[in-house]
Amino acid sequence: MKGGRGRNLPDDDHVMRYVPWGRLRRDGEDNVIGFLPQAFRRREGEDYLSVNWVEYHDGDRETQIRLSVWAIRASFPNGLGPKSAFAVGNVAKIKQVAEGGGAKIRITHEPDGDVNPGHAGLRRMPADDLALLEALAADAFTERVNNVDIAEKSPGG
Amino acid sequence: MIEIARRIEPGMGAGSLERDIAGAFGYAVSAATYRIIGYQADTLRGKPTPASYQAADAEKQLAERVFDALASVKILTAQVAMHLDREWRDKIFQQLDSLHAVDEWEAGDEPIQQASFVTFLKAILALRSQRRPGLGLSQAGNLIAAWTTNRDRLTIEFLPNDRVGWVLTRYIDDEPERVAGQMNVSRLTERLAPYHPEHWFSHEGRQGQKSPG
């Protein structure tokens, strides 16, 4: 098994965060063009910002992305909205952007049993620093994967 | 449950109920909201098994809360309708309905808060933006407006009690300059002025929207 609870993720790796429809950045015609800063705000009571470690999974990039999405879906028993998306960012870039905003964060492996063993977290994130959240949305999580573009997991898969 | 359904509209389907609501509310309720009403009517008419009571009850409660929240903010909008272009108003209603689509709902999120929407209306009337913003919703039910021109972004979160939280990113020589603040909505126009908000609010910025990823 890769990683280990609490271990820092490698700088070259990537993490993925689920972003519901309400926190996607849109234009005035409802076309999705990115992420709102509020997509990266921790919920009250959460110790860290929840993400998934993409390279936890073996395979090529497409496979890693698909397996990460499947793992996130599995950890939401009520399912994810069809218009939701996933934000992907590089570990080193996220830490660099956060440090530029005054937060020296750690990105650690936080496995969630068999359901989501690639679960990870952004630790030491300020609770509600809008400039930092904006920096993450604009400069760190620069790739978007639409939920609808990832196939459903087959029953035996 | 069947008795309640009969009391609402004997022998009629959800379509009839939707038409009645349409007649009563006019522009205050849009097509997506009718679907929520229809969903509620279907829930009332259904005969769930004991195992599905809890889930059905939770879904019904969510649909009711969303409906109540949307209705209240649309009624608020009607009170200032004379100050809003009709196309603007209709589009905002569509965006609000889209934000509250039940199949997109995130567990634990709150529907739009009336106090947040009051702040939004005050800001929109003061900012006089030619371009409509994209809308979003925070976990707490605060409305968020976003304007984007090229890579430059302006985001405003409308808080209760006339407060706004805002953040902007402008790229100068490929370097991001970022400013954030929180204040009373009455000072927002003045506070944004040094950053040339027409960059986001004028129609000239429309062609500059860019989609990452």
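As a starting point, this report considers the structure included with it. (Residues numbered from 1 in each chain as written. Chains lettered and ligands numbered in written order. Predicted model: local features only at pLDDT ≥ 70, side-chain atom pairs only at ≥ 80, totals over all residues.)

**Here we look at the packing of helix α2 (residues 91–100) of chain A against helix α3 (residues 130–140) of chain A**
Residues and elements named next belong to chain A. Quick reminder of the rule: What counts as an axis is a line fitted to C-alpha atoms, over the stretch in contact for a helix, and the angles between N-to-C directions run from 0 to 180 degrees. Put simply, DSSP H or I for four residues or longer makes a helix, DSSP E for two residues or longer makes a strand, and each gets a number counted from the N terminus. Crossings are assigned a handedness: left-handed for a near helix turned anticlockwise from the far helix by less than a right angle, right-handed for a clockwise turn. By the convention adopted here, residues make contact when the C-beta atoms placed from their backbones lie within 7 Å. Basically, the charged four are Asp, Glu, Lys and Arg, the nonpolar ten are Ala, Val, Leu, Ile, Met, Phe, Trp, Tyr, Cys and Pro, and anything else, Gly included, counts as polar.
Close contact between α2 and α3 brings their axes to 9 Å; oriented N to C, the two are set at 145°. Like other packed secondary-structure pairs, α2 and α3 cross with a definite hand, here right-handed. Within the contact between the two elements, α2 uses K93, I94, V97, A98 and G100 and α3 uses L132, A135, L136, D139 and A140. Here the contact of α2 with α3 is built from residues that sort into 7 nonpolar, 1 polar and 2 charged.

**With respect to the interface of chain A and chain B**
At the junction of the two partners, chain A supplies 29 residues and chain B supplies 34 residues. Among the elements of the structure, β2 (24–26), β3 (32–35), α3 and β8 (143–146) of chain A are those that each provide at least two residues to the side of chain A that touches chain B. Here the side of chain A that touches chain B takes 6 residues from α3 of chain A, the largest share from any one element. A per-class count over the side of chain A that touches chain B returns 10 nonpolar, 8 polar and 11 charged.

**A look at unusual backbone geometry**
Backbone geometry places R124 of chain A, a non-glycine residue, at a positive phi of 65°. Its identity as a non-glycine residue notwithstanding, D173 of chain B has a phi of 55°, on the positive side.

**Digging into the sheet that holds strand β4 (residues 49–53) of chain A**
Residues and elements named next belong to chain A. The cut-off we apply is this: Two strands make a pair as long as DSSP finds a minimum of two bridges between them.
Within the open sheet, the 6 strands sit side by side as β6-β7-β4-β1-β5-β8. Their pairing is antiparallel. Each of the sheet's edge strands pairs with one partner strand only, and the pair in question is β6 (106–109) and β8. The sheet shows a mean angle of 35° between the axes of neighbouring strands, direction not considered. Together, β1 (14–19), β4, β5 (85–90) and β8 form the strand contacts of helix α1 (residues 61–74), whose direction differs from that of β4 by roughly 140°.

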